[in-house]
Structures are given as structure tokens and as C-alpha cells.
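# Geometric and topological summary
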Amino acid sequence: MSVGAAVRRVRAYGGQFLLLAVLTLVVTLLISGVPRLVNRLAEQGLRAQLNSEPAARRDISYTSGVVSALATQSATNNARQRFDTLAAGMPPQVRSAVNERWYNVDAQAARVVGPDLAARNLLVDLGLRAVPDIKEASTLVEGAWPSETYVPDRPIEVVLDVDVAAKLNLRTGSQLRIGRAEGKNSLVDDSPLTVVGLFRPVDRTGGIWDGLPSMLRITDPIGDGEPFIATGAVAPSALDKRAAAGWSIRSNWRYRLGVNSIDARKLDQLIDGLQETQRNKPADLSLAQGVDIPLRAFAAQVNAARTLLAVIAAGVLATLAGLILLAATLATRRRRSEFVLIRARGGGATAGARRSLAESLLVVPVAAVLGWWLGTLLPGAPDPITPYAIAATVLVTLALPLATLAVPTGGASRSDLVRMRPSTRRLTGELFVLGLAVLAAVLLRRRGLTLGEVDPLLVSVPVLLAIAAAVLALRAYPWPLLLVSRLAARTRGSVAFLGTARAGRSAVAAPLVVVVLAIGTAAFCAVVAAGVDASRDRAAEQIVPADAVIRGERFAPDTVDELGRLPGVRAATRLLYASDEQLASDELGTSPRLGGTAVLLVDGSGLAAVARESEVDLALPEPLRTARPEAGPLPAIVSPAVAADLTKAGLDRSAFISVQGQRYEFRVAGSEESFPLLSANTSRFVILPWQALPARNTTPVATSLLVAGDRLDAEALRRAGDQGQLRYQQEGAVTGQERPIGVVVDTRADVRRDLGNGGANGVLAFGFVAGAAGGSVLGLLAIAFTVLAGARARGQVLSRLRTLGLSRRQWRGLLLVELAPLVGVSVLTGALVGAVLPLLLNPVLGLSAFTSGMPVRVAFEPGLVAAVLALGVVALGFAVAVEALNNRRLRLGEVLRLGEES
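This structure is a prediction, so every number in the text was calculated from the model and none was measured. By convention here, each chain's residues receive numbers from 1 onward along its written sequence. The predicted nature of this model means local features are confined to residues of pLDDT at least 70 and side-chain atom pairs, given and counted, to a pLDDT of 80 or more, with totals for whole chains, interfaces and linings taken over all residues. Hydrogens and water are ignored here; the side-chain numbers use all heavy atoms of the structure.

So, about the overall build of the chain. What the chain contains, in helices and strands, is 29 helices and 19 strands. Residue exposure (1.4 Å probe, protein chains only): buried if accessible area is under 20% of the type maximum, exposed if over 50%, otherwise partly exposed. For the chain, with 902 residues in total, the buried portion stands at 48%. Contacts are assigned to residue pairs with any non-hydrogen atoms lying within 4.5 Å of each other. In the chain, the share of contacts with a sequence separation of at least 24, taken over all contacts with a separation of at least 6, comes to 82%. Using a 1.4 Å probe, the Shrake-Rupley method yields the accessible areas, and only the shown protein chains count as cover for residues. Only carbon and sulfur atoms are counted for the fraction: they give 57% of the accessible area of the chain, which is about 42,800 Å². Segments assigned H or I by DSSP are reported as helices when at least four residues long, segments assigned E as strands when at least two residues long, and all are numbered from the N terminus.

Next comes the structure, spelled out in C-alpha cells:
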């Protein structure tokens, strides 16, 4: 068998081999390119999430204890040596992610006095800090840097930020004295200090300035008679001498993980490395790091998204595999006479398969390499999936020879009949598939999944269920059509009778399975996407059960009324939230405590009104809505954990909870797993009705305000909230002159938008869009194969009927009646599979990572019915168009001369 002969046959059957090559290219393109796109989207999401948070969140910060002894006279040298030692001791995955690092040595802030400060009557505590590399990170505005060489009896030389110096009325040459304060202007152990220079940072957001207290700003007094706190830079030798004199010294080493140094594919290893760093920290140092929190949240999203993508990829690749088998089967069926002739001339049983293998080797590997190369052009880091691409290429190459072996070489037989009584072999195979699908589904629900890993069981369950559903549909398919055909036989005209009769006898087993796989994948993506979207809406309502929430410290009582006067505001109510209060069995709180508990005071009627005006479906428990002031304990809604603790402690009748220093007696009126305004991880809480609180001299003060309205102005709400805090302060409820922190305004629309953006949502959206679009397109292609599988037989029948007087209109009607049941059962079965799969897989997919912990509920979507109907109409029109094009390609006389075999 020469290569030239194989090339000639490939050219002769170019269309069939082109189709096989295109399918091969798509398979290897998906295997090579999709992981790159997923990694790219994951990297972009991780970068966006880390960049949205303060850069200091990525710091791994070691801090020594305060040392005040002569042994610290080389404190700066020790800090410098330990700087590299701590970095070397980190796990490799953490050390490789560090791209910036700093250390500093601080002397605790001490009182400074001098004529320039006295001129403005300023009370100031000044901290001294040795900061290596400060010269490279700043520009000297005037004066000089402190001398690196310490000279005895010489004043301490310090440089200050130019803005800090201006606010403190200091300049180059200002003379001060520093020491422990004994009175307002007298010091103990005072030392001379001179401001030798002023600097300005090159980049005020640089990490070198993130040490606390900041060198670039002044810490305002926290009350009357308290000092301003500032920090100046000194030479390391000056701090060494101060330490030798007994000053308190503290060292800090900070290592910042770079946003671009964190590999989204290795988050689990990095998180494990951070845990190891925490466990192995030196005993004399404290370690603070918070980067593992956003990394864990993002890793949970990525793992859930990858698990979902595995399900979608299984459906898409299984559909492509089915299409390849259909393409190979159609190709060998068209060449059946050729293979029969080979056997008739003495060829072996595998002669035709060897010929097909030679032809396939000329086409498939080239298409596979081209698809792989196109996949490498997509952005993103690759995954080690070369073995999968090689395996896919080998399997596709063998598809045509295997289909050739399956071609019958005996006499002509009718293949357009579905046996009403299947053979024992076929029945056994179908029962085996059904049993395997049920077993896989049960094992999946019992065993669960490891998110982020490609579990073979997870991959196989959707495919097996789709095949099982297709088998059942195929088995039930002829029966209703047989009944309809009998009814049609009693009517006038032949179109309905012939169409239903032929539709009921069509053998469409393999094409139907492929269509169900494709449509099932598309429907699965649509149903899960709708469930995630609806769960995000519920999560937003859980976080903000109104149009907006204003969170602050404490608000004046009239703030609710002031909010009601703002444009667009329809309703407002007050809330009080305390995060860590103690439960006790007596009013004095001297009994054993039961642990920290979150407390939420809500005005039942006000909260219900705000939720109603905001169109939020809030199921407020009856005790909170109807409670009124009366003797006895307050009715409370508690979490199951609190209820269990109270029962265990014998406090079933009543217990006491502290709220802003006041103790209130309550009884358990109900238990809820969660409650609006509380985070999903809050497992211990007590909800009390504000309107039922007993009258006392001291009343609770609101810490949050809920607002309902149209087109709310967030800035106006923020101003009203800040003014409410200031009014509360001016009424004398707060001593001193602290300025309250500005309020935070969150709208439900903003919270909902944040839930759908950022993080690994790009990966999830890509999976939904690719799965729905790919499943729909492949479903239409599978329907085209289904039509072409019986096109030859239909062409012969229609051609004969045309010679008997069948009109063109009747021919179109007959074609429509014959194809409609086939397309309808395929699309409906696929849609049913897609609607059932989320009910089975949703509990193990971990999609609550994308909904702020809110469980994702998959329910019936009316829109799915409309989508299925629309897809069915499109699929039917597509099927009719394919059939029409195929019949136009084969003219009437040619069809009649093609033989009786299909």
C-alpha cells in the first residue's frame, strides 16, 4: 500500500477528511489553549484582588520585643544580621514570592521640648528610627543627613519629613531636648537633639514608609492633654548609643510579597508555606501576616471554578469525541462498497482498516500539531498536558480504522429500523450503562470531591448520565410516534402518516447520544449560571437588606430623622452591632461566661419597613416584629451554637447579654442559621428587638443605619452619617476630643456588583460562556450529523415519492414531520439532563465561594423553557436546511442510482 495511493484517496474524499481534520484541530486546540486562558484569567483575577487591598496586607512582619538593657548596644548590627537570616529561613515558596524587604530599629517615642515647639504651645512625643536605604527612597530638601559616625557629647542628629516639620514649627537647626516627661516642660534623662535636615519621599506610597508610627505624618492626640506623636530618622550609631544608655529599642523586619511574584497555579503551596513560617517563627519574635486571608479566599474560588470547568470540559470533549466517531462512521459508510470489494478480492479482515489507518496518519497528526500550535499562541501559562494531547491524537487517528472494522461486509440490510424488541446483547449493554451511571452518581454524592482536582468520577458522572438519558429516550422514542402514526393513518393525506412512520423507524442511537451530551452541557452551564446569579442577589440582600447601609461608631438619635429628609429617601431605621459580647446567667455577669457572641439590636417594624421599601425579600422572624415592652426577658433569635451552649449550661429559661455596658435578660424565641447584616462565618449571635428594650437611664446607641430610597446619593448619606456622629460627640456622650472615624456607606447595588466582579469570577464566567456557546454550537453540529446519517435513505424515499407526484410543498412538510420528533427529543432530553445535573453536582462544586458564603440554590428557571424552545426551533430549521442542501447536492436521478443500501 503506497503513500501515493493513500494521498489520492485523501484527495478523492477531501470533504470527509477535512471534517475529521477540523474536529481534530478543535480538540487539540482546546486541550492546549483552554488551560492557558484559564491560567491567564486566574492570574488577572489574583492581581486585581491583591491590588485592590492595601499593599501592607502582603507584608510578613517580624517584630522583636522592647529591649532596654546594655546588651542592646549593637542593636542595629544585630538587626542587620538577622534581616538576611530570617529571609533565608523562610520556606522556598514564600521566599521566592518576596520582592521587597525592609527593616528598621526604633527607639520608643519620648517627650521633646524646645523653643520652636513652645512658640505654638505644642506637646510632642518624638520617636527615633534607624532606616537603612532612606537616602535612596527620599530627597533631601535642605540640611544634611545625620552623621554615620557617633561623636560623644554631640546632640542626636535627626531628619524629619518636610511636612511633619512644618506642622510642628520645626526647621533645620531647631534645638530640642528629648527624654522622659516629668511635667509639661521638664524631662528626666534628657539629651540634646538637633534637626539637621528635612527630606521629602520620592514615593509616599512606597513600602519603606509603612512602618508604624509613620514617619510621613503626625499622629493626632487621642484626648485632652495628650501629645502629638511624630517619628524622625537618625543614624544607626545614634540608636546604638541610646540603647547602651538604657533606652527602649524595638526592631522590625518586613518582607513584602510581590503581586507579580505570586503564581496563581501554586496558591496552595504558598499558603502552606505561610503556615509553616508561622509555626517556625523564632521564639523571641512576634510574626504578623494577613496575606493568607485573601489568598485562601481566592484559592477557594479558583478551586471551585476549576472543578466546574472539569465538568464542562468533560461534556464538551465527550461531545467532540462523539462527533469524531460520527464523522468516521459516515466516512466509512460512504465507502462501504469499496471495503466490500477489498474483501471480495481476497483481502484480510483488517485490510480496510489498514488502508484507513494510512489515510488517517496523513491527516490527523498534522491537524493535531496545528491545533496544538494555535493553542500555544493564546495568552497564559501552560499546564503539563502534553500527554493528554498525544493520547487524544492517537485516539482520533484510530477512530477511522475502528469505524472501518465495524462496517458490515455482508449483503444489503435495512438499517433504518429500531427494533421494538432489542437483542439480548443490546439490552445488556443498555442496562450496564444505566447501572453504571446510577452507581457513579451515588458514589459522587457519598464520597464528595476535592475541589481543584480533576476527579475521574466527577468527569465521568455527567457523561454517563447523558448517555443513560439518551438510551432511555431512544428506547421510549418509537412508542409515542407509533401511536401518532396509527392515528395519522386514519386521516386524509400521506404527509403526516409517512413522516411519523419514518420518524418512528429511524435508527439514531449514536447521533442522539451526541446531541444530548452537547445540549446537556449548554443547559447545565445556563442553569448553574442562573443559580449563582440568584444566590449573589440573595447574598447582597443578606449583607445589605436595604438600598444602603451606613456603618459608623455611634450616631445621634436624631440621625434617622435627618436621613429621612434627604432627597429620595423613603425609609430609614437604626441598628446596633457588637462583635464580641459575653453571655452570663446572672445580671452582674459574675457567673461563668459562655464565650464571645455577636449581638444585633434591630427595630423590627423599622427593619421590615426598610426591607419592604427596598424590595428585599426579608423573612423577619415573628418574635422580632411583634415584640413589645413588657416584664420579663426579651424574646431573642439565636444561632444554633448559642442555643446549644445555653441548653448545655441549663439556661433554657433565660440568660443575660451585655450591650454597650448594659445587661439585658433574654429568652430563646427561635433559632436561625444566619441573619442579615451578619457575615456568613458568624456562628454565634443573639438578635434582640430594639423596640422591646426596657426603659433605662442609659439607652443603646445605633452603630449602623439602614436606608431605603430611589437614586440615593452616597455622598449625601456619608455627610449625614458623619454629622450624626459629630452630634453624638458634641452632646457630651464621649469624653475628650477624639474625632470619630468617617462612616462607610455601602449600597446593595455596589455589593452586588463587587460579588460579580474581581477574584476568580473571570474564570467562572469564561466556563459558563464557553460551555453554553460551545455546547449549543456542537449540538447543532451533532444534529447535522444526525440528519446526514439518514440522509441517503431519506433521499431515495423522497425521490421515489417525487416521481409518484409528491409536490415540493408536500416534500417539505414530510421532511419537517420526519425531523421534528428527532430534533425535539434530542433537545428536550439534553435540556432535561442539563437541568438535573446541577441538582446532583451543586452540593459538591463549592460555588458558595463566589456568593460570599451564601449556599447556591439551583431551581427551575422559566427562562430555560423559552431558551429550549428557541434552541429547538433553531435546531429544527438547521436540520431542514442541512437536509435540503444535501438533497440539492444529489440530483433526483443520481439518488435513485446509488443503490438500496444506506
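There is more to say, and it comes next.
With that out of the way, let us pick up the pattern of salt bridges. Salt bridges, as used here, are contacts in which a Lys or Arg side-chain nitrogen is within 4 Å of a carboxyl oxygen on Asp or Glu. Enumeration over the complete set of coordinates arrives at 27 salt bridges. Salt-bridge contacts for Arg 752 lead to Asp 533; the nearest nitrogen and oxygen are separated by 2.4 Å. One end of the pair, Arg 752, is in helix H24 (residues 748-756); the other, Asp 533, is in helix H18 (residues 509-543), and 219 residues separate them in sequence. Overall, the relative accessible area of 38% leaves Asp 533 in the partly exposed class. Here Asp 558 and Arg 727 are joined by a salt bridge, their closest N and O atoms 3.2 Å apart. Taken as a pair, Asp 558 in the loop between strand E11 (548-551) and helix H19 (559-564) and Arg 727 in helix H23 (residues 714-733) lie far apart in primary sequence, 169 residues in all. The partly exposed category is assigned to Asp 558, whose relative accessible area is 29%. By relative accessible area, which is 22% here, Arg 727 ends up partly exposed. One salt-bridge network, held together by shared partners, links Asp 59, Asp 210, Arg 254 and Arg 256.

Let's shift gears to the packing of helix H11 (residues 336-344) against helix H12 (residues 351-376). For any two helices packed against each other, one specifies the crossing angle of their axes together with the interaxial distance. Look at H11 against H12: their axes get within 9 Å of each other, and the N-to-C directions meet at 130°. Taken together, the axes of H11 and H12 lie oblique to each other. Residues Glu 338, Phe 339 and Ile 342 of H11 touch H12, and the partners they reach there are Ala 351, Gly 352, Arg 355 and Ser 356. Polarity classes work like this: nonpolar for Ala, Val, Leu, Ile, Met, Phe, Trp, Tyr, Cys and Pro, charged for Asp, Glu, Lys and Arg, and polar for all others, with Gly in that last group. In terms of residue class, the contact of H11 with H12 is made up of 3 nonpolar, 2 polar and 2 charged. Axis geometry follows a simple rule: fit a line to the C-alpha atoms, using only the stretch in contact for helices, then measure angles between N-to-C directions, giving values from 0 to 180 degrees. Roughly parallel covers angles under 35 degrees, roughly antiparallel covers those over 145, roughly perpendicular covers 65 to 115, and oblique covers all other angles.

Glancing now at a nonpolar patch on the surface. On the surface, a cluster of nonpolar side chains totalling about 450 Å² of accessible area is made up of Ile 390, Val 394, Leu 398, Leu 402 and Leu 405. Counting through the fold element by element, Leu 398 comes out in helix H13 (residues 386-405). In this scheme, patches are assembled from residues that exceed 30% relative accessible area and form no salt bridge. Like charges are connected within 9 Å, while nonpolar side chains (Val, Leu, Ile, Met, Phe, Trp, Tyr) are connected within 5 Å.

For the rest of this paragraph, the subject is helix H22 (residues 640-648). All buried positions along H22 are accounted for by Val 642, Ala 643 and Leu 646. All buried residues of H22 fall inside an arc of 100° around its axis, so they share one side. Its buried side turned inward, H22 meets strand E12 (569-584), strand E13 (596-602), strand E14 (634-638), strand E15 (655-659), strand E16 (662-671) and strand E17 (685-689). Directly beyond the C-terminal end of H22, a positive phi value near 75° is found at Gly 650. An arc is given here, and it is the one of the directions from the helix axis to the C-beta atoms.

Throughout this description, the term nonpolar core refers to a set of buried Ala, Val, Leu, Ile, Met, Phe, Trp, Tyr and Cys residues connected via side-chain atoms within 4.5 Å. Grouped together as the largest cluster of nonpolar side chains are 158 residues, with contacts concentrated most on Leu 128, Tyr 255, Leu 295 and Phe 524. Looking at this core, the element that brings in the most residues is helix H10 (residues 292-334), giving 21 residues. Among residues more than four places away in sequence, those in contact with Leu 128 are Val 105, Asp 106, Ala 107, Ile 156, Val 158, Ile 178, Leu 193, Gly 232, Val 234, Leu 239 and Trp 247. Counting residues in each nonpolar core, the second largest holds 34 residues, with Leu 563, Ala 627, Trp 690 and Leu 693 among its members.

Further remarks concern the packing of H10 against helix H15 (residues 456-476). Remark: H10 packs on H15, axes separated minimally by 9 Å, with the N-to-C direction vectors making an angle of 45°. Our classification of the angle between H10 and H15 gives oblique. Where H10 crosses over H15, the two elements pack in a sense that is right-handed. Two secondary-structure elements touch here, H10 through Thr 307, Ala 310, Val 311, Ala 314 and Ala 318 and H15 through Leu 458, Val 459, Pro 462 and Val 463. Partitioned by chemical class, the residues of the contact of H10 with H15 number 8 nonpolar, 1 polar and no charged. Crossing handedness is defined as follows: a turn of the near helix away from the far one that is anticlockwise and smaller than a right angle gives a left-handed crossing, while the clockwise case is right-handed.

On to the confidence of the model for the chain, then. The predictor reports its confidence for every residue as pLDDT, a score running from 0 up to 100. Averaged over the chain, the pLDDT score is 83; the fraction of residues at 70 or greater is 86%. In this model residues 897-902 is a low-confidence stretch, pLDDT under 50, and it forms 13 contacts with partners more than four residues away in sequence or in other chains.

This brings us to the pairing of strand E2 (residues 98-113). Taken together, the 9 bridges between E2 and strand E9 (residues 249-257) define a ladder with antiparallel strand orientation. From the neighbouring strand, Val 98 faces E9, where its bridge partner is Leu 257. Strands pair, by our definition, only if DSSP identifies at least two bridges between them.

Quick look at unusual backbone geometry now. Going from Leu 212 to Pro 213, the amide bond is cis rather than trans, its omega being -5°. With respect to the element layout, Pro 213 can be found in the loop between strand E7 (187-201) and strand E8 (228-233). Positive phi is not limited to glycine here, since Leu 677 has a value of about 80°. Among the structural elements, Leu 677 can be located in the loop between E16 and E17. For Leu 677, a relative accessible area of 19% puts it in the buried group. Positive phi, close to 55°, is recorded for Ser 852, a residue that is not glycine. Structurally, Ser 852 can be placed in the loop between helix H27 (808-845) and helix H28 (862-889).

Moving on: the packing of aromatic side chains. Between the rings of Phe, Tyr and Trp (Trp by its six-membered ring), a pair exists once the centres lie within 6.5 Å; its type follows the angle of the planes, with under 30 degrees stacked, over 60 edge-to-face, and the other angles tilted. Evaluated as defined, the whole model comprises 5 aromatic pairs. Where Tyr 62 meets Tyr 255, the ring centres are 6.1 Å apart and the plane angle is 85°; that geometry is what we call edge-to-face. In this pair, Tyr 62 is assigned in strand E1 (residues 59-64) and Tyr 255 in strand E9, connecting sequence segments 193 residues apart. The same class applies to Tyr 62 as to Tyr 255, namely buried. Aromatic pair Phe 199 and Trp 209: ring centres 5.6 Å apart, planes at 15°, arrangement stacked. Here Trp 209 lies in the loop between E7 and E8 and Phe 199 lies in strand E7, a separation of 10 residues in the sequence. A relative accessible area of 0% places Phe 199 in the buried class. Ring pairs connect the aromatic residues Tyr 62, Phe 83, Tyr 103 and Tyr 255, which therefore count as one cluster. Counted as over-ring charges are cases with an Arg CZ or a Lys NZ within 6 Å of the ring centre that also lie within 35 degrees of the ring normal. When the ring centre of Trp 247 is taken as reference, the NZ or CZ atom of Arg 242 above it lies at 5.3 Å. When the ring centre of Trp 690 is taken as reference, the NZ or CZ atom of Arg 574 above it lies at 4.2 Å.

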